[in-house]
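Read off the chains here:
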Amino acid sequence: MSILPKSSCNVLCSIVFGKRYEYDDDTVCTFVRIFFDVFHSQFDNFVSQLIIFAPKLIYIYPFSQSYKRLKKAFKDFAEITNKVFNEHEETFDKEHPKDFIDAFLKNMKEGSDKNFDIEHLRMYLRDILEGGIVTTTDTINWSLIFLLHYPEIQTKIREEIRQIVGPSGSVKISHKDDMPYTKAFIEETMRFATATPLGFQHKTNKDAEINRYFIPKGTMVTPNIWAVHNDPKYFEEPEKFKPERFIDEKGNFVKSEYVIPFSVGPRRCVGEHIARMEIFIFLVSMIQKFEILPDPESKIPCLDDGFVGATFVSCPYKLIFQKI
Ligand code: HEM
């Protein structure tokens, strides 16, 4: 199993559990296995969407098999989180909460809000890890594929890194504003390889009207983020990978309000800032230290050679990291 998803998992583990894990640790391997099995399976994802509309399908083969797999994944998840909760209970110090779980336990023990209970905590952890590991890893994966296709883009980013961070300096998030081309590359990656093409489903909790369309209370709404990202009204030649579309004539980065990988509105992704930081730091560190080259024994996936589970996933590929 590649270390990329495990590193991404560790970023979130340090925030919520207060620690990172070694790459061969059971906890991190199980999290990655659970979320990648669930998110990257086209059939299981199809079933998890379908049972929202037709719940009785879970009793019928082959949907029943898929439902069993989902249930098993979440049982495994509950087992690990129970272990982590017990460890936190043992070391809990209300004066010095050291991570997300401690902060939550503090509120729970104070008892002022009944929404702070173990089941809610478990759901928060599931949302954060489920929402954060696969999406970020998939985005970084696609960015590596684009670097393989366009070595000249890789060279341009490396030049910017040399100027701003230096050949061996350690990259900080504060460098980002001085690196317009790298920012444009990441923005184009997130537009071109839309991580969650159909976002997350929502249900209207009251009657609504948008652009003169009436949407009754209780309607399932699926946002088509992919369609926005590929609309020629907003992006010239949307089928082409062109980071330059976000650079003005003075070389500044120009943000487009139509790049919306994290969706829009009050329920947009809560992890956007963490994801943006992680993608920037991971990519810059890799390009600074390594030339990223195609493996002669493996075909580079085509730019749209992927499939949609819950996220847009690239086909498997191999690459070479050659130390600079
Ligand atoms: C490139 C990386 C990511 C992408 C493209 C992405 C995308 C999205 C999208 C499209 C939504 C749905 C918003 C909506 O329902 O309107 C969402 C929700 C969410 N994301 Fe992310 N996400 C990313 C990274 C992360 C990370 C790192 C975390 C964890 C810190 C995270 C946690 C969540 C959570 C908890 C929700 C549910 C928010 C809610 O229901 O209010 N995501 N994300």
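Located above this text is the structure these notes cover.
> Which residues make up the environment of Ala-227, and what values go with them?
Tracing the sequence through the fold places Ala-227 in helix H9 (residues 225–229). Classification of Ala-227 by relative accessible area gives partly exposed; the value is 29%. Considering only alpha carbons, one finds Ala-227 and His-96, 131 residues apart in sequence, at a separation of 47 Å.

> If you had to explain the site of the ligand to someone new, which residues and values would you point to?
Residues in close proximity to the ligand total 24 residues, the closest being Gly-131, His-202, Ser-263, Arg-267 and Cys-269. Backbone polar atom of Gly-131 to a nitrogen atom of the ligand: 3.3 Å apart, as the coordinates give it. Looking at the shell around the ligand, the elements that each hand over two or more residues are helix H6 (118–149) and helix H10 (272–289). Per-element accounting of the shell around the ligand gives the leading share, seven residues, to H6. Classifying every residue of the shell around the ligand by side-chain character gives twelve nonpolar, nine polar and three charged.

> Tell me what's going on with the side chain of Thr-194, and back it up with residues and numbers.
Relative to the elements of secondary structure, Thr-194 occurs in the loop between helix H8 (180–192) and strand S1 (202–203). A polar side-chain atom of Thr-194 sits 2.9 Å from the main-chain carbonyl oxygen of Arg-191. In contact with Thr-194, other than residues within four places in its own chain, are Ile-225, Trp-226, His-229 and Phe-312.

> Before we move on, could you go through the layout of surface pockets and cite the residues and values that matter?
Think of a ball as big as a water molecule: rolled over the atoms, this probe shows where empty space is left. Put simply, the second largest pocket is a space of about 760 Å³. Sorting the residues of the lining of the second largest pocket by element identifies helix H1 (3–16), helix H2 (26–40), H6, H10, strand S7 (312–314) and strand S8 (319–323) as the ones contributing at least two each. With six residues, the single largest contributor to the lining of the second largest pocket is H1. Residue composition of the lining of the second largest pocket, by class: 18 nonpolar, eight polar and four charged.

> Any details on the coordination of the iron atom of the ligand? Residues and values, ideally.
Of the protein atoms, Cys-269 (SG) alone serves as a donor to the iron atom of the ligand, at 2.3 Å. Tracing the sequence through the fold places Cys-269 in the loop between H9 and H10.

Each value, and the rule that gives it
Residues numbered from 1 in each chain as written. Predicted model: local features only at pLDDT ≥ 70, side-chain atom pairs only at ≥ 80, totals over all residues. Heavy atoms only, no water. Helix = DSSP H or I, 4+ residues; strand = E, 2+ residues; numbered from the N terminus. Buried < 20%, exposed > 50% of the residue type's maximum accessible area, 1.4 Å probe, protein only. Near = heavy atom within 4 Å. Polar contact = N/O pair within 3.5 Å; in protein donor to acceptor, adjacent residues only side chain to side chain. Nonpolar A, V, L, I, M, F, W, Y, C, P; charged D, E, K, R; others polar. Contact = heavy atoms within 4.5 Å. 1 Å grid on protein atoms, 1.4 Å probe; cavity = no way out; pocket = protein on both sides within 12 Å on 5 of 7 lines; lining within 4 Å. Points joined across faces, edges and corners; volume = space filled by probe spheres on them. Donors = N, O, S within 2.8 Å, 3.2 Å for Na, K, Ca; no water.

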